[in-house]
Amino acid sequence: MSTLTSSVFRTETMTVPGGTETIVRGGRDLFPLLPQALHGVRRIGVLGWGPQGSAQAQNLRDSLARTEVVVSVGLRPGSRSADDARAHGFTEENGTLGDWLAVAADSDLVILLIADAALAAEHEKIFAVLKPGTTIGLSHGFLLGHLQSIGSDFPAGHPVIAVCPKGMGDSVRRLYEQGATVNGAGINASIAVHADPDGHGTDRALAWSIGLGSPYTFATTLADEYRSDIVGERAILLGAVHGLVEALYRHFVIAGADPVTAYERSTESITGPIARTISDSGLAAVRAAAGDEDLFDRAYSAAYQPARDLVAEIYDEVAEGTELRSVILAEQRLAIRPMSPIAGSPMWSHSTAVHARRTSVRAGIDPLTAGLFVATMVAQLDEFAARGHAWSEIVNESVIEAVDSLLPYMHARDVAYMVDNCSRTARLGTRRWGPRFQAAYEQIALPRVDAPADQALVKQFLDNPAHAALAAAAELRPAVDISVERPTTT
């Protein structure tokens, strides 16, 4: 695990199961230190204007507004995002919007936030125009995995750092804006220093993370980051939750529930009260709040091992490069055949009716749904722990990102909408693995729910060290929730 030391920011020790981790707490009071921590970076170029690109460019610009550091946005010729970037204050006239390669050539820190597959295809063009010593910044380790798979590497002599927010771009921006009234509000982030020829990589990464508004920053490696991130979005963050709600909706309808009630007991239960309970009180609190601990325990027992097996399979596919290669191959197909929306099953037609009932009917925690969902989340926690990830990474990638970033958006707009409006890498992964989770729930877990609970497995859940790790991380969380409004159309 990477060591987190800084010559500018104060580090703190966080107690986690089996030891301690070093973290850095964020806050707007630290913004005056950012230029010093950037160590000579006077121009930051953000390449791309997707959800992360737009959020990070705006947050960094605002955090560095009273300094001489300039944040600019680089877009490819003809980009459809140019007008939106101009609407948010990045313009050719003020020198903060330009051609992507020109911006890269003029920057001291180049943050690469274009799509993963596009970055895999175009990285050589970017590397070729960089000034000597320019710092290469990433928010995802996908490119490292791709370079390793083709026997290549980052160019020598350039610092390579990563800052990886544990939430979608929209929440990175929304919580940063809430930080104007609640100091430290934001989305947690990990940092990685992959190459550090001048010795300032960690400080630069911390400055970037704090500038984004991260409440706390923890250290990882670029390899661990992309493995946990890609696995997580295929499992509990997106793929598994989509497969689960599809399976549960069918299960409840077959059992006689009307479609709206089936939607409430499946999707609404997860994205609403289950997510809020975990965010506020932790995983074990869901069992206590479910109202039927025996059914929760039986559902948990039935789902844990099938979910663990799938998470382990996904992890192997990611670690061996198979999953990354599938994304790159899909990008070639998508050039001629765009992805179809995923919201084709009948359940999503009831979303509007369910949301309209919220003022009169408050969805509760369904114990069957809760047991299956928590079992899947814990399966991911346990698999990451077995693979040697740090506890901060484990709980952020498996729990905090879900309940404090993605699930609130799913609650506002529905799970299928979220899947169809996330990154291409995540969308592709959900389409590949969501049906596998759905089949596991329908064919393995749900048929076993009537069997007695595995008390040893339940005890393992109640004694899981993840509870302590999550509680330690929760102490660093500002008292602020994401406010998300449902759009008028979906």
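Procedures and definitions
Residues numbered from 1 in each chain as written. Predicted model: local features only at pLDDT ≥ 70, side-chain atom pairs only at ≥ 80, totals over all residues. Heavy atoms only, no water. Phe/Tyr/Trp six-rings, centres within 6.5 Å; stacked < 30°, edge-to-face > 60°. Helix = DSSP H or I, 4+ residues; strand = E, 2+ residues; numbered from the N terminus. Buried < 20%, exposed > 50% of the residue type's maximum accessible area, 1.4 Å probe, protein only. Core = buried A, V, L, I, M, F, W, Y, C linked by side-chain atoms within 4.5 Å. Contact = heavy atoms within 4.5 Å. Pairing = 2+ DSSP bridges. Axes fitted to C-alpha atoms, helices over the stretch in contact; angles between N-to-C directions. UniProt positions renumbered as here; feature names shortened; annotations may be inferred.

Colleague: Before we go on, may I ask you to explain the packing of aromatic side chains in this structure?
Modeller: The geometry of an aromatic ring pair comes down to the distance between the two centres and the angle between the two planes. Inspection of the entire model under this criterion finds eleven aromatic pairs. On the numbers, 5.8 Å between centres and 90° between planes, the contact of tyrosine 263 with tryptophan 348 is edge-to-face. Taken together, the positions of tyrosine 263 in helix H11 (residues 259-281) and tryptophan 348 in the loop between helix H14 (322-334) and helix H15 (351-356) put the pair 85 residues apart, joining distant regions of the chain. The same class applies to tyrosine 263 as to tryptophan 348, namely buried. Aromatic pair tyrosine 300 and phenylalanine 461: ring centres 5.0 Å apart, planes at 40°, arrangement tilted. Within this pair, whereas tyrosine 300 is found in helix H13 (residues 293-319), its partner phenylalanine 461 is found in helix H20 (residues 455-462), the two being separated by 161 residues in sequence. A relative accessible area of 1% places tyrosine 300 in the buried class. You can call phenylalanine 461 buried: its relative accessible area is 1%.

Colleague: So what exactly am I meant to see when it comes to the nonpolar core here?
Modeller: Proteins that are soluble and globular tend to have nonpolar side chains buried together. Core analysis: the biggest nonpolar cluster contains 127 residues, and Phe154 and Phe373 have the highest contact counts within it. The leading source of residues in this core is H13, at 13 residues. Leaving out residues up to four positions away in the same chain, phenylalanine 373 has contacts with Ile236, Val241, Leu244, Ile270, Ile274, Ile278 and Leu407. Judged by nonpolar contacts, the second largest core, of 39 residues, contains Val8, Leu38, Ala57 and Ala189.

Colleague: Would you explain the sheet that holds strand S5 (residues 97-99) in this entry?
Modeller: Strands in a sheet are paired, the pairing made by backbone hydrogen bonds, and the direction either parallel or antiparallel. Pairing within the open sheet is mixed, and its ten strands lie in the order S1-S2-S10-S9-S8-S7-S6-S3-S4-S5. Pairing within the sheet leaves two strands with one partner each, and these edge strands are strand S1 (12-16) and S5. Taken over all neighbouring pairs, the strand axes of this sheet differ in orientation by 30° on average, direction set aside. The pairing of strand S2 (residues 19-25) with strand S10 (residues 216-219) spans three bridges and is antiparallel. From the neighbouring strand, arginine 25 faces S10, where its bridge partner is tyrosine 216. On top of the sheet, helix H8 (residues 201-212) reaches S2, strand S6 (109-112), strand S7 (135-138), strand S8 (160-165), strand S9 (189-195) and S10; it is set at about 25° to S8, its chief contact.

Colleague: Can you help me understand the UniProt feature "binding site: Mg(2+) 2" (unreviewed entry) in the protein in this one?
Modeller: Here the UniProt-annotated "binding site: Mg(2+) 2" (unreviewed entry) positions come out as Asp229. Relative to the helices and strands, aspartate 229 resides in helix H9 (residues 222-234). A residue is classified by how much of its surface remains accessible, and aspartate 229, at 12% relative accessible area, is buried. Apart from residues lying up to four places away in sequence, aspartate 229 is in contact with His140 and Glu397.

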